[in-house]
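# Structure at a glance
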Amino acid sequence: AQNPRMSMFNASPMVVNPAYAGNFKGTVRVSTHTGIYRNEGSYINHLNAGADFSIKLKASKKAANRLGVGINFYTYGFNSRSPVQASFPSLNVAFQSQLGKSGKHFIGVGAQLAYASASLDERKGTYNKEISGGGFRYVPTALRNQTASNSYTDASGGITYTYKSEEIKFELGLSMFHMFY
């Protein structure tokens, strides 16, 4: 999804697909995970935390519907040795619906609004895009003393399809992140 180097991405479902907001049994889900990555002298840490709510909507004769609302905060490089620091707080909204009366087919559609911000200070250390996700098109300078910052607001969207029976569960999804920037 947003960061291809993140292991345990399933621990943060709204990072994988905005349509996962509210897609769980129960009313509240809290998720968090962190990681520290080292590579060729570079060091960077990642942290993701999120909370989402599943609100049951009035069921129609054909389907049980839910509205999912969630907030997520993803950041990396917040230690003193990382030259690149970035954060991505987001708001997620999704609609989940059962397809048909069998209770085996489900669809989810979601949207996300995120604020991305990053800062660069080459004096803190060596940057390696392989452990940060590559972000913000940064190219190191020969002097290693460049500083900069950038931020933007952007939208993301996603859709999921789930088939559930007693024996198996099959999920298929599509998500598009940073659609406009």
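Everything below is about the structure shown above.
Below, the structure is looked at part by part. Going along each chain's sequence as written, the residues are numbered from 1 onward. Local features in this predicted model are restricted to residues of pLDDT 70 or higher, and side-chain atom pairs are both shown and tallied only at a pLDDT of 80 or more, whereas totals for entire chains, interfaces and linings draw on every residue. Excluding hydrogens and water, the side-chain figures rest on all heavy atoms present in the structure.

## Description of the overall build of the protein chain
Helix and strand labels come from DSSP, where a helix needs a run of H or I of at least four residues and a strand needs a run of E of at least two; each type is numbered from the N terminus. On a plain count of helices and strands, the protein chain comes out with one helix and seven strands. N-terminal to C-terminal, the α/β element order of the protein chain is α-β-β-β-β-β-β-β. Exposure is judged per residue with a 1.4 Å probe applied to protein chains only, and the accessible area is read against the type maximum: over 50% gives exposed, under 20% gives buried, and values in between give partly exposed. Per-residue burial for the protein chain yields a buried fraction of 41% across its 181 residues. Within the protein chain, residue pairs in contact and separated by at least 24 positions form 61% of the contacts whose partners lie at least 6 positions apart. Each accessible area is a Shrake-Rupley result for a 1.4 Å probe, and residues are judged covered by the shown protein chains and nothing else. For the protein chain, the computed accessible surface area is about 10,400 Å², with 59% contributed by carbon and sulfur atoms. Here, two residues are considered to be in contact whenever any of their heavy atoms come within 4.5 Å of each other.

## Side note on the packing of aromatic side chains
Classification of ring pairs uses Phe, Tyr and Trp, with its six-membered ring standing for Trp, and accepts pairs whose centres are within 6.5 Å; under 30 degrees between planes counts as stacked, over 60 as edge-to-face, and the remaining range as tilted. Applying the stated rule across the entire model yields three aromatic pairs. Relative to Tyr76, the ring of Tyr74 lies with its centre 5.9 Å away and its plane at 50°, an arrangement referred to as tilted. Where Tyr76 meets Phe88, the ring centres are 6.2 Å apart and the plane angle is 35°; that geometry is what we call tilted. Linking Tyr76 in strand S3 (residues 65-76) with Phe88 in strand S4 (residues 84-99), this pair joins segments that are twelve residues apart in sequence. By the burial criterion, Tyr76 is buried, and Phe88 matches it. Among the aromatic residues, those joined into a ring-pair cluster are Tyr74, Tyr76 and Phe88.

## Concerning the layout of surface pockets
Points on a 1 Å grid over protein atoms alone make up a cavity when a 1.4 Å probe fits among them but cannot get out, and a pocket when they form an open set with protein on both sides within 12 Å along at least five of seven lines; lining residues each have an atom within 4 Å of a point. Grid points are joined across faces, edges and corners, and a volume is the space filled by probe spheres set on the points. By volume, the largest pocket is sized at about 520 Å³. Lining the largest pocket we find 22 residues, and of these Asn23, Phe24, Arg66, Lys164 and Lys169 sit closest to its centre. At the level of elements, helix H1 (13-16), S4, strand S5 (105-121), strand S6 (147-164) and strand S7 (169-176) are the ones that each hand at least two residues to the lining of the largest pocket. Each residue is assigned to one of three groups, with Ala, Val, Leu, Ile, Met, Phe, Trp, Tyr, Cys and Pro labelled nonpolar, Asp, Glu, Lys and Arg labelled charged, and all others, Gly among them, labelled polar. Of the residues belonging to the lining of the largest pocket, the class tally is seven nonpolar, nine polar and six charged.

## Some remarks on the pattern of salt bridges
We define a salt bridge as a contact between a side-chain nitrogen of Lys or Arg and a carboxyl oxygen of Asp or Glu at a distance within 4 Å. Taken as a whole and assessed by the stated rule, the structure comprises three salt bridges. Here Asp52 makes a salt bridge to Arg29, at a shortest N to O gap of 2.6 Å. Taken together, the positions of Asp52 in strand S2 (residues 42-56) and Arg29 in strand S1 (residues 28-39) put the pair 23 residues apart, joining distant regions of the chain. The exposure classification of Asp52 matches that of Arg29, with both residues buried. With its nearest N and O atoms 3.7 Å apart, the salt bridge here joins Lys169 to Glu171.

## What to know about the nonpolar core
What makes a nonpolar core is a set of buried Ala, Val, Leu, Ile, Met, Phe, Trp, Tyr and Cys residues whose side-chain atoms join them at distances within 4.5 Å. The biggest cluster of nonpolar side chains holds eleven residues, and these are Tyr37, Ile44, Tyr74, Tyr76, Val84, Ala86, Phe88, Ala116, Ala118, Leu120 and Tyr152. Residue assignment for this core shows that the elements contributing at least two residues are S3, S4 and S5.

## Here we look at the environment of Lys56
With respect to the helices and strands, the residue Lys56 is situated in strand S2. For Lys56 and Gly22, which are 34 residues apart along the polypeptide, the C-alpha to C-alpha distance reads 9.6 Å. Apart from the residues lying within four places of it in its own chain, the contact partners of Lys56 are Asn65 and Arg66.

## Considering a nonpolar patch on the surface
Residues Val28, Val30, Phe53, Ile55, Leu57 and Phe95 make up a contiguous nonpolar surface patch of roughly 530 Å² in combined accessible area. Within the residue set of the nonpolar patch, elements represented by two or more residues are S1 and S2. In this structure, Ile55 sits in strand S2. Like-charged residues are merged into a patch within 9 Å and nonpolar side chains (Val, Leu, Ile, Met, Phe, Trp, Tyr) within 5 Å, provided each residue has over 30% relative accessible area and no salt bridge.

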